[in-house]
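Survey of secondary and tertiary structure
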Amino acid sequence: MTEIIVVTSGKGGVGKTTTSASLSCGLARRGKKVAVIDFDIGLRNLDLIMGCERRVVYDFVNVIQGDCTLKQALIKDKRIETLFVLAASQTRDKDALSSEGVRRVLDELTAEGFDYVICDSPAGIEKGAHLAMYFADRAVVVVNPEVSSVRDSDRILGLLASKTQRAEQGNGGVKEHLLLTRYSPKRVATGEMMSVTDVKDILGLDVIGVVPESTDVLSASNAGVPVILNQESDASRAYDDAVARLLGESLPLRFVDEPKKGFFTRMFGG
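Let me sum up the structure you'll find in this document. (Residues numbered from 1 in each chain as written. Predicted model: local features only at pLDDT ≥ 70, side-chain atom pairs only at ≥ 80, totals over all residues. Heavy atoms only, no water.)

**Regarding the environment of Ile-118**
In this fold, Ile-118 is placed in strand β5 (residues 116–120). Looking at Ile-118, the relative accessible area reads 0%, which means it is buried. Expressed as a C-alpha distance, the spacing of Ile-118 and Leu-251, which sit 133 residues apart in the sequence, is 22 Å. Discounting residues that sit within four places of it in the chain, Ile-118 has contacts with Ile-5, Val-7, Ser-20, Ser-24, Leu-27, Val-34, Ala-35, Val-36 and Ile-37. (Helix = DSSP H or I, 4+ residues; strand = E, 2+ residues; numbered from the N terminus. Buried < 20%, exposed > 50% of the residue type's maximum accessible area, 1.4 Å probe, protein only. Contact = heavy atoms within 4.5 Å.)

In structure tokens:
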């Protein structure tokens, strides 16, 4: 049975697309057949982070409007055999998406035997974001540990609880997970940033992952390589942990505390 996961947030720039790319790669590396769809019509970025922007011939809107088949538009990842990307259109606006069209694409992916469909949502609460979450079984809510991001995400939780197909049908609603990005234990300790516990208590969600602040994320995005594929990066390890938790594994959270200083560091500074 295909599981549809929306990656969403209230605020832009918190790392949704980076998260969508890394989660889809992580699931596919574990043998799952995965499609990741860019719902940000007019402002597509997923293809850049996935490193397939030069291979986009047809896009999500082309499929919905019948200009091509889904198979023609899906881009097979060159690194992972079971991973496929469906890019957004750069030349249309969000009105080009329709509920019926999105449903048809998701139904076809289900018929094709995909285990997971990751919906990379645009920020905010407009049409593209609503359609990205409407058919979801689960949601990964991406939050930076600062007040405005947390407040805006609370609004998204309200929509997930009331404006999705599962909510309307009374099927228990969308299962929600919290993923914190750009987390810095040092800044938490100085009071510049909210702690994991602060965010968890406000939003009332279990934390599926804590991704530390890292220059590796930007470097990976610029290189067109999802950061989860950088084995030397703490951000990669954090996303891999999040994938494991999505699949039901129980792991302790990492990267939430400052590393303890060694003896010589304490004695001589640094």
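**So, helix α12 (residues 234–246)**
Taking 1.5 Å as the rise per residue, α12 with 13 residues should run 18 Å; its terminal C-alpha atoms sit 18 Å apart, in good agreement. The buried fraction of α12 is high, at 10 of 13 residues. Where α12 is concerned, the buried positions are Ala-235, Ser-236, Ala-238, Tyr-239, Asp-241, Ala-242, Val-243, Ala-244, Arg-245 and Leu-246. Looking at the buried positions of α12, the neighbouring elements they touch are β1 (3–8), α1 (16–29), β6 (138–143), β7 (175–183), β8 (207–212) and α11 (215–223). In this structure Ser-233 caps α12, since a side-chain oxygen of it lies 3.1 Å from the backbone nitrogen of Ala-235. Taken from the residues just after α12, Gly-248 is the one with a positive phi, measuring 100°. (Expected span 1.5 Å × (residues − 1). Polar contact = N/O pair within 3.5 Å; in protein donor to acceptor, adjacent residues only side chain to side chain.)

**A short note on the packing of helix α7 (residues 147–162) against helix α10 (residues 196–203)**
Where α7 contacts α10, the two axes come as close as 10 Å, and the packing angle between them is 35°. For the pair α7 and α10, the sense of crossing is right-handed. Contact with α7, carried on its side by Val-150, Ser-153, Asp-154 and Leu-157, involves Val-199, Ile-202 and Leu-203 of α10 and no other residues of that element. In terms of residue class, the contact of α7 with α10 is made up of 5 nonpolar, 1 polar and 1 charged. (Axes fitted to C-alpha atoms, helices over the stretch in contact; angles between N-to-C directions. Left-handed = near helix turned anticlockwise from the far one by under 90°. Nonpolar A, V, L, I, M, F, W, Y, C, P; charged D, E, K, R; others polar.)

**Side note on the sheet that holds β5**
Ordered in space as β3-β4-β2-β5-β1-β6-β7-β8, the 8 strands form an open sheet in which the pairing is mixed. With one partner strand each, in any of the chains shown, β3 (75–76) and β8 form the two edges of the open sheet. When β3 meets strand β4 (residues 83–86), the two strands line up antiparallel, connected through 2 bridges. Considered in β4, the bridge of Lys-76 is made with Phe-84. Lying over the sheet, α1 contacts β1, β2 (34–38), β4, β5, β6 and β7, oriented at roughly 170° with respect to β5. Lying on the sheet, α10 is in contact with β6, β7 and β8; it crosses β7 at an angle near 150°. (Pairing = 2+ DSSP bridges.)

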